[in-house]
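Residue-level structure breakdown
The residues making up each chain are set out below.
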Amino acid sequence: ADFAKALGVADGDLVKMRNEVKANLEREVKKRLQARVKNQVMDALLDVNPIEVPQALVEMESQQMAEAAKADLEKRGAAMKNMPVEPSWFTEQAKRRVKLGLVLAELVKSKDLHAKPEQVKAVVEDFAETFEDPKEVVRWYYSQPQRLAEAEALAMENNVVEWALANAKVSEKAVGFDELMGNQA
């Protein structure tokens, strides 16, 4: 009971604690599976749509990625004043992002895969459910257009993944828990 209380179960109910742990694990497994499938779909889309991208777009994306990495390190307490973060470190990842952005934009436009308000709301609610006060998190997302745009982009990506899975030859492969969670053998 003390352990359950330490994990946030106020009344120390062990059954409630087990149910919360189980729900959290199931949610994490679901998210990991979705991320894995999404990555496989994005790889397939790039494979079947080989395109050249303007170097200027890749350089802009590399610069943004470098600035984001530097800001993230500063938030984590790293003294970045005299430490360079070079955009060239991100060139390959930036090239992939730019290609994917162009391919996804064309698919969204040509197949009408735009995110619908109810899909955006479902994404926000899914984010919020892991927090103590989900309603406050939903309000936080809807209070700023930039935050809501992130949820909208995710909903649109989900539409692309659903479309691709419905229109591709798909085979399922069992994945062990450790492999899915990234645990080393």
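Now for a look at the structure at hand.

The rules behind these values
Residues numbered from 1 in each chain as written. Predicted model: local features only at pLDDT ≥ 70, side-chain atom pairs only at ≥ 80, totals over all residues. Heavy atoms only, no water. Helix = DSSP H or I, 4+ residues; strand = E, 2+ residues; numbered from the N terminus. Buried < 20%, exposed > 50% of the residue type's maximum accessible area, 1.4 Å probe, protein only. Contact = heavy atoms within 4.5 Å. Areas by Shrake-Rupley, 256 points an atom, 1.4 Å probe, with all protein chains shown as cover. Lys, Arg positive; Asp, Glu negative; His and termini not counted. Charge placed at Lys NZ, Arg CZ, Asp CG, Glu CD. Phe/Tyr/Trp six-rings, centres within 6.5 Å; stacked < 30°, edge-to-face > 60°.

**Regarding the overall build of the protein**
When you go through the protein residue by residue, the secondary structure sums to eight helices and zero strands. When the helices and strands of the protein are read in sequence order from the N terminus, they spell out α-α-α-α-α-α-α-α. Overall size of the protein, expressed as C-alpha extent along the three principal axes, is 60 × 50 × 45 Å. Out of the 185 residues belonging to the protein, those deemed buried represent 23%. A fraction of 69% describes how many contacts in the protein between residues 6 or more apart in sequence connect residues 24 or more apart. About 13500 Å² of surface is accessible on the protein, with carbon and sulfur atoms providing 54% of the total. Each charge sign in the protein was given a centre, from 27 positive and 32 negative side chains, and these centres are 1 Å apart.

**Digging into the packing of aromatic side chains**
With the rule as written, the count across this model stands at two aromatic pairs. Here the aromatic rings of Phe127 and Tyr141 are separated by 5.4 Å at their centres, their planes lie at 25 degrees, and the arrangement is stacked. Taken together, the positions of Phe127 in helix 5 (residues 117-128) and Tyr141 in helix 6 (residues 134-142) put the pair 14 residues apart, joining distant regions of the chain. Measuring from centroid to centroid gives 5.1 Å for Trp140 and Tyr141, while their planes differ by 90 degrees, and the two rings are edge-to-face. You can call Tyr141 buried: its relative accessible area is 11%. One aromatic cluster is present, built from ring pairs that chain together Phe127, Trp140 and Tyr141.

**Here we look at the side chain of Ser62**
Among the secondary structure elements, Ser62 is positioned in helix 3 (residues 55-75). Under the relative-accessibility criterion, Ser62 is labelled buried at 3%. Not counting chain neighbours up to four residues away, the residues in contact with Ser62 comprise Pro87, Phe90, Thr91 and Ala94.

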